[in-house]
Amino acid sequence: MRHIHIVGIGTGNPEHLTVQAINALNSADVILIPSKGAAKTELADVRRDICQRYVTNPTTRFVDYDVPSRKTADRSYVQSVDEWHDAISATYERLFLEHLTEKESAAFLVWGDPGLYDSTLRILERVVGRGTVALDYSVIPGITSIQALTASHRIPLNLVGKPVQITTGRRLAESFPGIAETAVVMLDGEQAFSKIDDPDAYIYWGAYLGTRDEITIAGRLADVSERILATRAKARARHGWIMDIYLMRKGQDFDDLE
């Protein structure tokens, strides 16, 4: 039976890889490298750099593949994601049939951790559900962007005895600042923080965490919101893409932080 290693690789720093991740990559017969278009070649290059540094198995084969684009016109968000995942699962199925024998294994290098805001596991479940390709898979955890963010800002994730919410930009206003005192926001294409009006809110923002292009900004939301928006827009224009994350907080002594 074909085996798939789903390997968390952290947020772009090759030194984020665990020994378990390195061993999994070296045990794979094939390593699959996704392409997301010319504007995101850096993401594929990071994966190749990781492989060049750590993969020492001379028999390992490398296969590049194109990732289907998500269509959003005349579709709800849920519908567009469902169709996109279905298209990717068909791509995975083709890759497994074309490049793996029944006794071989392949590895995906997944940004961050495969269990946090990544769809590789859900897509592989679709492949298994079709029944065309018999396979099993294992998951190797990786450093998340949340860990990279708190490390770069040198802050704890939680306030003492308090919970933390992990959410998206689309859902931020539902809980912060009324319910959650600490909210980690991922996948925010709308910069939802700029719509929060609370004088006690504090933000820790970061982009390209773990890479040589890392940018971090922290401060009272009212004071730094516009700077984050401008910095983000400039960085995205320069790179053609952006990966950013932020932590919103209230209920702490800001004077100790400034």
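This structure is a prediction, so every number in the text was calculated from the model and none was measured.

About the thresholds
- Residues numbered from 1 in each chain as written.
- Predicted model: local features only at pLDDT ≥ 70, side-chain atom pairs only at ≥ 80, totals over all residues.
- Heavy atoms only, no water.
- Helix = DSSP H or I, 4+ residues; strand = E, 2+ residues; numbered from the N terminus.
- Contact = heavy atoms within 4.5 Å.
- Core = buried A, V, L, I, M, F, W, Y, C linked by side-chain atoms within 4.5 Å.
- Buried < 20%, exposed > 50% of the residue type's maximum accessible area, 1.4 Å probe, protein only.
- Phe/Tyr/Trp six-rings, centres within 6.5 Å; stacked < 30°, edge-to-face > 60°.
- Axes fitted to C-alpha atoms, helices over the stretch in contact; angles between N-to-C directions.
- Left-handed = near helix turned anticlockwise from the far one by under 90°.
- Nonpolar A, V, L, I, M, F, W, Y, C, P; charged D, E, K, R; others polar.
- Pairing = 2+ DSSP bridges.

Some thoughts on the environment of L157
Tracing the sequence through the fold places L157 in the loop between α5 (145–153) and β6 (165–168). Counting along the chain gives 26 residues from L157 to A183, while the straight-line C-alpha distance between them is 9.4 Å. If sequence neighbours within four positions are ignored, L157 has contacts with I146, T150, V164, T182, V184, L247 and R249.

A closer look at the nonpolar core
Generally speaking, soluble globular proteins have nonpolar side chains that are buried together. Formed by 43 residues in total, the largest nonpolar core has its most connected members in L25, I31, I203, Y246 and M248. Of all the elements, helix α2 (residues 41–54) adds the most residues to this core, at 6 residues. Contacts of Y246, omitting those with residues within four sequence positions, involve L149, L172, A183, V184, V185, D188, A192, F193, I203, Y204 and W205. Counting residues in each nonpolar core, the second largest holds 19 residues, with L32, Y65, F108 and L135 among its members.

Section: the packing of aromatic side chains
One pass over the structure, following the stated rule, counts 8 aromatic pairs. Ring geometry for Y65 and F108: centres 6.4 Å apart, planes at 85°, overall edge-to-face. Placement of the pair is Y65 in strand β3 (residues 61–66) and F108 in strand β4 (residues 105–110), with a sequence separation of 43 residues. With centroids separated by 4.5 Å and ring planes inclined at 35°, the aromatic side chains of Y92 and F108 adopt a geometry described as tilted. With a gap of 16 residues between them, Y92 in helix α3 (residues 77–99) and F108 in strand β4 connect regions that are remote in the sequence.

Comments concerning the packing of α3 against helix α4 (residues 120–130)
Running from N to C, α3 and α4 point in directions that differ by 65°, and their axes come no closer than 9 Å. Viewed along their axes, α3 and α4 form a crossing whose handedness is right-handed. Counting all contacts with α3, which are made through D82, H85, D86, I88, S89, A90, Y92, E93 and F96, the residues of α4 involved are T120, I123, L124, R126, V127 and R130. Partitioning the contact of α3 with α4 into residue classes produces 7 nonpolar, 3 polar and 5 charged.

Examining the pairing of β4
Along any regular strand, the residues point their side chains to alternate faces of the sheet. The element β4 is largely enclosed, with a buried count of 6 among its 6 residues. Burial of β4 is two-sided: the residues S105, A107 and L109 facing one way and the residues A106, F108 and V110 facing the other way are all buried. Where strand β1 (residues 2–8) and β4 come together, 6 bridges link them in parallel fashion. Bridge pairing in β4 places G8 opposite V110.

Brief notes about the sheet that holds strand β9 (residues 215–220)
Taken together, 5 strands build an open sheet; the order of strands is β6-β7-β10-β8-β9 and the sheet is mixed. Sheet topology places β6 and β9 at the edges, where each strand pairs with a single neighbour. Adjacent strand axes in the sheet meet at a mean angle of 15°, parallel and antiparallel pairs treated alike. Judged from the 4 bridges that link them, strand β7 (residues 182–186) and strand β10 (residues 244–249) form a sheet pairing that is antiparallel. Residue pairing for β10: T182 is matched across the bridge by R249. Against the sheet, α5 touches β6, β7, β8 (202–207), β9 and β10, its axis set at about 110° to β8. Against the sheet, helix α7 (residues 221–239) makes contact with β8, β9 and β10, and its axis sits at roughly 165° relative to β9, the strand it touches most.

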